[in-house]
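# Structure assessment
Chain by chain, the residues run as shown.
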Amino acid sequence: MTAPTIPVARNGIYEIAIHNLGHSGEGVGRYQDFTVFVPGALPGETVEVKITTVKKNYAVGELRKVLQAAPGRIEPKCPLYAECGGCQLQHMDYRAQLAAKRQTVVNAIERIGKLRDIVIHPVLGAANPWYYRNKMQFPTGSAGGKPVVGCYAQGTHRIIDTEECLIQHGTNNQIAGAVRDILAELGIETYNEVTGQGVMRHVLGRVGVATGEVMVVLVTATNTLPHRERIIERLTGSIKGLTSIVHNVNSRRTNVILGDRTETVWGRDTITDRIGDFTFHISALSFFQVNNEQTEVLYRQAVEYAGLTGRETVIDAYCGTGTIALFLAQKAAKVYGIEIVAPAIENARLNAKLNKVDNVEFTAGDAVEILPRLYAQGIRPDVIVVDPPRVGCEKIVLETFAQMQPDRIIYAVSYTHL
């Protein structure tokens, strides 16, 4: 059998119409029925593209010129947007982003799932899509002999020094700036991924938006935190609302941010925040939705779709610190929460106790193992809620859902990334 002809060549220049967005925000077009991915291009545009990569089934191109712009194209608000890899769609009007995200769901349901006549509502957008992230994870490095703290450049591990990230809570930007100054003042060496040498790897910030409580997590490649007392003094003197300073050790040659050893070096082990009427304890390792306002919108919508009457059994398959489980427990008979991160389950149990909710049961473990165990025990949920990691649900999880035969499955997705 003759291999199909690939109609584009590396370094060739082509005119391509863009019809969709890819999963990383890149434009997706076709040239003679051959798929071409073009970062920076938008649906509805005609663009001039220089092909940089050619594979068997697709090519990747560099945007050279927008020949016909989409109505939603705008100038990015962030001055670092062109080189930073933290955001992908700032060149697209927010309302157009929401429409494009809805279209992504339509494509998944109709083109991939082969389902028709499915009602897909408009995306519920945020009132203000800026300065919303209550959690920051910035790598540290060195450039020109000076420490840098910020996001990686697109497709690389080169750090873009970021003084003000427009999607981070203002306090997180203050934390990044304070740590940058501390590294310079105390001469603390930043970690080098290539050599495996150095001390400071990442700085994490967590902000209790409703409470004003703040946590700083310093990740080092060393077992000790150098200049510990001076760092505590500098941070407590410069970060308003600081409640907790945590040292995490990650000595492995890995891209994973956090290591296995965590020690609170000042203040409390957790901070608190509120969503709706509930208060939550959040530790350094806990998952907690990064946008408080949109999280409440998401959870109230999930409860509405669950259609609970007070008699139902509910499973929250990726429950984190128990946030959505507590919302569901208000109107359910029993809620089972499952989460693979053990410290998050500890927080979830504490959160249930703190909010006087006694009809939830939290289990630490992998949903792949826990769900079949619950099924074997005869638990038949009326409603299943899933808010899984980005990779989605594993096959055995979905198969167990099917065996359980719930009345409703709610897939909760919050997406305000720009």
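Right above here is the structure, for reference.
Below you will find a few notes about this structure. For every chain, the first residue of the written sequence is number 1, and numbering continues from 1 along that sequence. Whole-chain, interface and lining totals are the exception, using all residues; otherwise, since this is a predicted model, local features are given only for residues with pLDDT of at least 70 and side-chain atom pairs are given and counted only at 80 or more. Heavy atoms from the whole structure form the basis of all side-chain values; hydrogens and water molecules are not counted.

### Let's talk about the overall build of the protein
- Secondary structure counts use DSSP, requiring at least four H or I residues in a row for a helix and at least two E residues in a row for a strand, with both numbered from the N terminus. Looking only at helices and strands, the protein features 8 helices and 19 strands.
- Summarising its shape, the C-alpha atoms of the protein cover approximately 60 × 60 × 45 Å along the three principal directions.
- The buried share of the protein, reckoned over its 418 residues, is 50%.
- Contacts spanning at least 24 positions in sequence make up 60% of the contacts within the protein whose residues lie at least 6 apart.
- Only the protein chains shown count as covering a residue, and every accessible area follows the Shrake-Rupley method with a 1.4 Å probe. When the accessible surface of the protein is summed, it comes to about 20900 Å², and 50% of that surface belongs to carbon and sulfur atoms.
- Residues scored as positive are Lys and Arg, those scored as negative are Asp and Glu, and His as well as the terminal groups of each chain are ignored. In plain terms, the charge of a residue is placed at NZ if it is Lys, CZ if Arg, CG if Asp and CD if Glu. Here the protein contributes 43 positively and 42 negatively charged side chains, and the mean placements of these two sets differ by 2 Å. Throughout, exposure labels follow a simple rule: accessible area from a 1.4 Å probe, protein chains only, divided by the maximum for the residue type, with under 20% read as buried, over 50% as exposed, and the rest as partly exposed. Every residue pair with non-hydrogen atoms within 4.5 Å of one another is taken to be in contact.

### Focus: the packing of aromatic side chains
- Aromatic rings from Phe, Tyr and Trp, taking only the six-membered ring of Trp, are treated as a pair when their centres fall within 6.5 Å; an angle between ring planes under 30 degrees marks them as stacked, one over 60 as edge-to-face, and anything in between as tilted. Overall, the coordinates contain 6 aromatic pairs when judged by the stated rule.
- On the basis of an interplanar angle of 75° and a centroid distance of 5.6 Å, the ring pair of Phe37 and Tyr58 is categorised as edge-to-face. Residue Phe37 is located in strand S3 (residues 34–38), and its partner Tyr58 is located in strand S5 (residues 58–68); the two are separated by 21 residues in the primary sequence.
- An aromatic cluster of at least three residues, connected via ring pairs, comprises Phe278, Phe280, Phe288, Tyr299 and Phe327.
- Only when the NZ of Lys or the CZ of Arg is both within 6 Å of the ring centre and within 35 degrees of the ring normal is a charge said to sit over the ring. The cationic tip of Arg201 hangs over the ring face of Tyr191; the distance from NZ or CZ to the ring centre is 4.1 Å.
- The ring of Tyr336 carries Lys334 above its face, with NZ or CZ at 5.5 Å from the centroid.

### Quick notes on the sheet that holds strand S7 (residues 146–152)
- Within the open sheet, the 7 strands sit side by side as S8-S7-S6-S9-S10-S11-S12. Their pairing is mixed. Across the chains shown, the open sheet's two edge strands, defined by having one partner strand only, are strand S8 (159–161) and strand S12 (261–267). Direction aside, the axes of adjacent strands within the sheet are offset by 35° on average.
- Contacts from helix H2 (residues 170–186) reach strand S6 (135–143), S7, S8, strand S9 (200–207) and strand S10 (214–220) within the one sheet, and its direction differs from that of S9 by about 150°. DSSP bridges decide pairing: two strands pair if at least two such bridges lie between them. Each axis is a line fitted through C-alpha atoms, and for a helix only the stretch in contact is used; angles between axes span 0 to 180 degrees, taken between their N-to-C directions.

### Topic: the sheet that holds strand S17 (residues 360–364)
- In spatial order, the strands read S17-S16-S15-S18-S19; together these 5 strands make up an open sheet with parallel pairing. The open sheet has two edge strands with one neighbour each: S17 and strand S19 (408–411). Neighbouring strand axes in the sheet, compared pairwise and without regard to direction, differ in orientation by 15° on average.
- Both strand S15 (residues 313–316) and strand S16 (residues 334–339) contribute to a ladder of 4 bridges, which runs parallel. Bridged to Ile315 within S16 is Tyr336.
- Relative to the sheet, helix H6 (residues 342–354) contacts S16 and S17, its axis offset from that of S17 by approximately 165°.

### Observations concerning unusual backbone geometry
- Of note, Asp117 is a non-glycine position whose phi angle comes to about 60°, a positive value.
- The topology assignment puts Asp117 in the loop between helix H1 (94–112) and S6.
- Here Asp117 falls in the exposed class, since its relative accessible area comes to 78%.
- Backbone geometry at Lys356 places phi at a positive 55°, although glycine is not the residue there.
- With respect to the secondary-structure elements, Lys356 resides in the loop between H6 and S17.

### A few points about the nonpolar core
- Residues belong to a common nonpolar core when they are buried Ala, Val, Leu, Ile, Met, Phe, Trp, Tyr or Cys residues joined through side-chain atoms within 4.5 Å. In this structure, Val217, Val314, Leu326, Leu328, Val335, Val360 and Phe362 are the most contacted members of the largest nonpolar core, which totals 40 residues.
- Among the elements of the structure, S10, strand S13 (271–275), strand S14 (278–282), helix H4 (292–306), helix H5 (323–329), H6, S17 and strand S18 (383–386) are those that each provide at least two residues to this core.
- The element best represented in this core is H5, accounting for 6 residues.
- Residue contacts for Val314: discarding those within four places in its chain leaves Leu308, Leu328, Ala332, Lys334, Val335, Tyr336, Val383 and Val385.
- Within the second largest apolar cluster, 38 residues are counted, among which are Tyr81, Cys84, Leu186 and Met200.

This is a description of form; function is not addressed.
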